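Per-entry structural report
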Amino acid sequence: PDEIGVGELASRMKKTGAEVVKCLIKNGVMASLSDVIDFDTAAIIAEELGCKVEKEIIVTIEERLIDVSEDKEEDLRPRAPVVVVMGHVDHGKTSLLDYIRSSDVASGEAGGITQHIGAYQVSVKGQPITFLDTPGHEAFTAMRARGAMITDVAILVVAADDGIMPQTVESINHAKAAGIPIIVAINKMDKPEANPERIKQQLTEYELVPEEWGGETIICPISAKTGMGVDSLLEMVLLTAEMQELRANPDRSAHGAVIEARLDKGRGPVATLLVQNGTLHQGDVIIAGTAVGRVRAMTNARGQKLTEAGPSVPVEIIGMGEVPGAGDDFHAVADERMARELVEQRKQENKDRLNGPVGQKVTLEDLFSQ
Ligand code: GTP
Ligand code: MG
């Protein structure tokens, strides 16, 4: 193919028809969206619009900037499991996580966690585990779905005095959709009205059959208040994770997910990131959705400064130009200028999506009356 339609060129470059037609006119080519242009012309336009032409293939900025290559077997190293704690509102997810981190003395890291952070790593019997909290509130479906997707194991917290509730069912569905194993923690066992047998019965309706009944679901009765059963729960998490032989490549540029993000009055946008592959370094340029910036400082959940964070490590970073969206992917990239271009392009795409299809409707009159 030594020619390409103008509309096709625009969509391959993820540009609007208007942008491409404008650029063509600027270069003395009077063409409309439905016209076909030769490849040499397309190449000139592509270069001008920030894309690159390789062997007659137009490569978008995104493809040039973001490395999606597969890791080689020999580059993979073991990584910590990422565990999401899910369940209905008030069933004790945050309490369980608080208990685990407050009792994390075995890791030798004195001084508890000072501020709330939705993701942190602890060491259990010398083995690191990364935990993510999810809210049980109805409004947070997307976060629970995303939480299940970026994790390896789900702990489903069910209060022994309450039973299976709507967000319990939703959490089960998210974990199943993500294909991750579910370990059930029947919580609040210290309460006199706790009824674990009833909960086990209820769980079978969702194909979660306890091991003691011949099924495959690990069920741990616990109390996040007294700490009862939490040790064996953590052992089960480690066993379940071991079977997955989780690995990643620490020697590539980082990519992962934004766990949460907010605007801090003094420090600007603050984001909690989970590195899923590669290593994030202080000073790296990162792009997350339509936010771009340089990692000015990184801290862990204990407020300790880090200069790098490898696979499965959650970190809080400052330095983004704006607040990224929770759940967005992030990528560390080599070219800040191109990253800014890509962000502009994504913003334009979002705008176009809001304004409906523009491409096909653009006429020359439209262009000159703008
Ligand atoms: P959301 O984040 O709002 O979905 O709630 P959550 O699941 O994080 O629950 P949270 O840990 O905030 O606990 C809710 C309430 O249950 C709090 O008042 C806790 O003190 C109480 N609670 C949590 N675990 C236990 C437990 O094991 N025993 C008893 N008695 N109370 C508990
Ligand atoms: Mg909570």
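Please read these numbers as outputs of a predicted model, since none were measured by experiment.

Here the focus is helix α5 (residues 93–102). Three- or four-residue spacings in an α-helix give side chains the same orientation, since the helix completes a turn every 3.6 residues. Within the span of α5, buried status applies to K93, L96, L97, I100 and R101. Down the axis of α5, the buried set is contained in an arc of 125°. They therefore lie on one face. The elements touched by buried residues of α5 are β6 (82–87), β7 (119–124), β8 (127–133), β9 (153–159) and α9 (230–242).

Moving on, we get to the layout of surface pockets. Considering only enclosed or pocket space, the second largest pocket measures out at about 350 Å³ in volume. Looking at the second largest pocket, it is lined by 24 residues, and the ones nearest its centre are D133, T134, P135, M143 and E260. At the level of elements, α5, β8, α6 (141–149) and β13 (255–264) are the ones that each hand at least two residues to the lining of the second largest pocket. Per-element accounting of the lining of the second largest pocket gives the leading share, four residues, to α6. Residue composition of the lining of the second largest pocket, by class: ten nonpolar, nine polar and five charged.

Around ligand 1 lies a shell of 17 residues, among which K93, T94, S95, G136 and D190 are the nearest. Measuring from an oxygen atom of ligand 1, one finds a backbone N or O atom of H91 at 3.3 Å. One of the side-chain N or O atoms of S95 is found 2.5 Å from an oxygen atom in ligand 1. For ligand 1, the protein covers 71% of the area, taking 660 Å² as the surface of the free molecule. In terms of residues, the shell around ligand 1 owes the most to one element, α5, which gives three residues.

Here we come to the confidence of the model for the protein chain. On average, residues of the protein chain score 88 in pLDDT, and 90% of them are at 70 or above. Scored below 50 in pLDDT, residues 105–115 makes 14 contacts in the model with residues more than four places away or belonging to other chains.

A word on the pattern of salt bridges. Within the structure shown, the criterion is met by 23 salt bridges. R144 serves as the salt-bridge partner of E170, at 2.6 Å between the closest nitrogen and oxygen. Pair noted here: E170 is in helix α7 (residues 166–178) and R144 is in helix α6, with a separation of 26 residues, a long-range link. Taken as a pair, E170 and R144 share a single burial class, namely buried. Across the pair K200 and E212 runs a salt bridge whose closest N-O atoms are separated by 2.9 Å. In this pair, K200 sits in helix α8 (residues 196–204) while E212 sits in the loop between α8 and β11 (218–221), placing the two residues twelve residues apart along the sequence. The exposure class of K200 is buried, given its relative accessible area of 9%.

The six strands lie next to each other as β7-β8-β6-β9-β10-β11, forming an open sheet whose pairing is mixed. Looking at which strands have only one partner, the edges of the open sheet turn out to be β7 and β11. Strand after strand, the sheet turns through a mean of 30° between neighbouring axes, direction not considered. Looking at chain direction, β9 and strand β10 (residues 182–187) are connected through six bridges and run parallel. By the bridge assignment for β10, L156 is matched with V184. Where α8 meets the sheet, it contacts β9, β10 and β11, and its direction lies at approximately 150° from that of β10.

Conventions we followed
Residues numbered from 1 in each chain as written. Chains lettered and ligands numbered in written order. Predicted model: local features only at pLDDT ≥ 70, side-chain atom pairs only at ≥ 80, totals over all residues. Heavy atoms only, no water. Buried < 20%, exposed > 50% of the residue type's maximum accessible area, 1.4 Å probe, protein only. Helix = DSSP H or I, 4+ residues; strand = E, 2+ residues; numbered from the N terminus. Arc of directions from axis to C-beta. Contact = heavy atoms within 4.5 Å. 1 Å grid on protein atoms, 1.4 Å probe; cavity = no way out; pocket = protein on both sides within 12 Å on 5 of 7 lines; lining within 4 Å. Points joined across faces, edges and corners; volume = space filled by probe spheres on them. Nonpolar A, V, L, I, M, F, W, Y, C, P; charged D, E, K, R; others polar. Near = heavy atom within 4 Å. Polar contact = N/O pair within 3.5 Å; in protein donor to acceptor, adjacent residues only side chain to side chain. Areas by Shrake-Rupley, 256 points an atom, 1.4 Å probe, with all protein chains shown as cover. pLDDT = per-residue confidence, 0-100. Salt bridge = Lys/Arg side-chain N within 4 Å of Asp/Glu carboxyl O. Pairing = 2+ DSSP bridges. Axes fitted to C-alpha atoms, helices over the stretch in contact; angles between N-to-C directions.

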